[in-house]
Amino acid sequence: MAPTPPKPYTAGKGTFITLLIERAGGYNIAADIEGYPQLSLEQVVAADPAFILLGDAAYGVTPEVVAARPGWENLSAVKNGQVFPFDDNLLSRPGPRLVDGLEALAKLLRPGLFE
């Protein structure tokens, strides 16, 4: 039996990361939860995100690892190839690089705007 995957962390309500996701044209499935919560795998399945950004890609998490989580193979993001490694250094600390992070988010979420 495979080990249970860890519950993912995300940014929630009141965080600058959620603000940047919204400014880039996205919607954060954790926008109603305060702070930086861990979501259960079931919460993610119920929310069925259109995109998944992997801030932990530098630690070996890949779109394939995400797709192998129980029930996640049916997520819209997984089925549509919208699971993206993302450099968390662009968003993890407030500062000038947030502008670069916002642009990188917008390019993933709304690529047509950059053609």
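In the block above lies the structure referred to throughout.
Now for a look at the structure at hand. (Residues numbered from 1 in each chain as written. Predicted model: local features only at pLDDT ≥ 70, side-chain atom pairs only at ≥ 80, totals over all residues. Heavy atoms only, no water.)

1. A closer look at the packing of aromatic side chains
- Under the defined criterion, the tally for this structure stands at one aromatic pair.
- Directly above the ring of W72 sits R69, whose terminal nitrogen or CZ lies 4.8 Å from the centroid. (Phe/Tyr/Trp six-rings, centres within 6.5 Å; stacked < 30°, edge-to-face > 60°. Lys NZ or Arg CZ within 6 Å of the ring centre and 35° of its normal.)

2. Concerning the nonpolar core
- In this structure, I52, L54, V66, W72, L75 and V83 are the most contacted members of the largest nonpolar core, which totals 13 residues.
- Elements supplying a minimum of two residues to this core: α2 (41-47), β1 (52-54) and α4 (76-79).
- If sequence neighbours within four positions are ignored, W72 has contacts with P8, L41, V44, V45, I52, V66, A67 and V78. (Core = buried A, V, L, I, M, F, W, Y, C linked by side-chain atoms within 4.5 Å. Buried < 20%, exposed > 50% of the residue type's maximum accessible area, 1.4 Å probe, protein only. Helix = DSSP H or I, 4+ residues; strand = E, 2+ residues; numbered from the N terminus. Contact = heavy atoms within 4.5 Å.)

3. Remarks on the pattern of salt bridges
- According to the stated counting rule, one finds two salt bridges in the structure shown.
- In this structure, K13 and E34 form a salt bridge, with 3.9 Å as the shortest nitrogen-oxygen distance. Taken as a pair, K13 in the segment before α1 (16-23) and E34 in the loop between α1 and α2 lie far apart in primary sequence, 21 residues in all.
- On the basis of relative accessibility, which here comes to 42%, the residue K13 falls in the partly exposed class. (Salt bridge = Lys/Arg side-chain N within 4 Å of Asp/Glu carboxyl O.)

4. Some details on the environment of P49
- Structurally, P49 can be placed in the loop between α2 and β1.
- Separated by 28 residues in sequence, P49 and A77 place their C-alpha atoms 5.9 Å apart.
- Filtering out sequence-adjacent residues up to four positions away, P49 remains in contact with I29, V44, L75, S76 and A77.

5. What about the side chain of R69?
- Looking at the secondary structure, you find R69 in the loop between α3 (63-67) and α4.
- Among buried Asp, Glu, Lys and Arg side chains, R69 stands out as unpaired, with D56 the closest opposite charge at 5.0 Å. (Lys, Arg positive; Asp, Glu negative; His and termini not counted.)

6. Thoughts on helix α5 (residues 98-109)
- With twelve residues, α5 should reach 16 Å at 1.5 Å per residue; the first-to-last C-alpha distance of 16 Å fits that figure.
- When we look at burial in α5, the residues that qualify are L98, G101, L105, A106 and L109. Projection of α5 onto a plane perpendicular to its axis shows the buried side chains occupying an angular sector of 135 degrees, all on one side. (Expected span 1.5 Å × (residues − 1). Arc of directions from axis to C-beta.)

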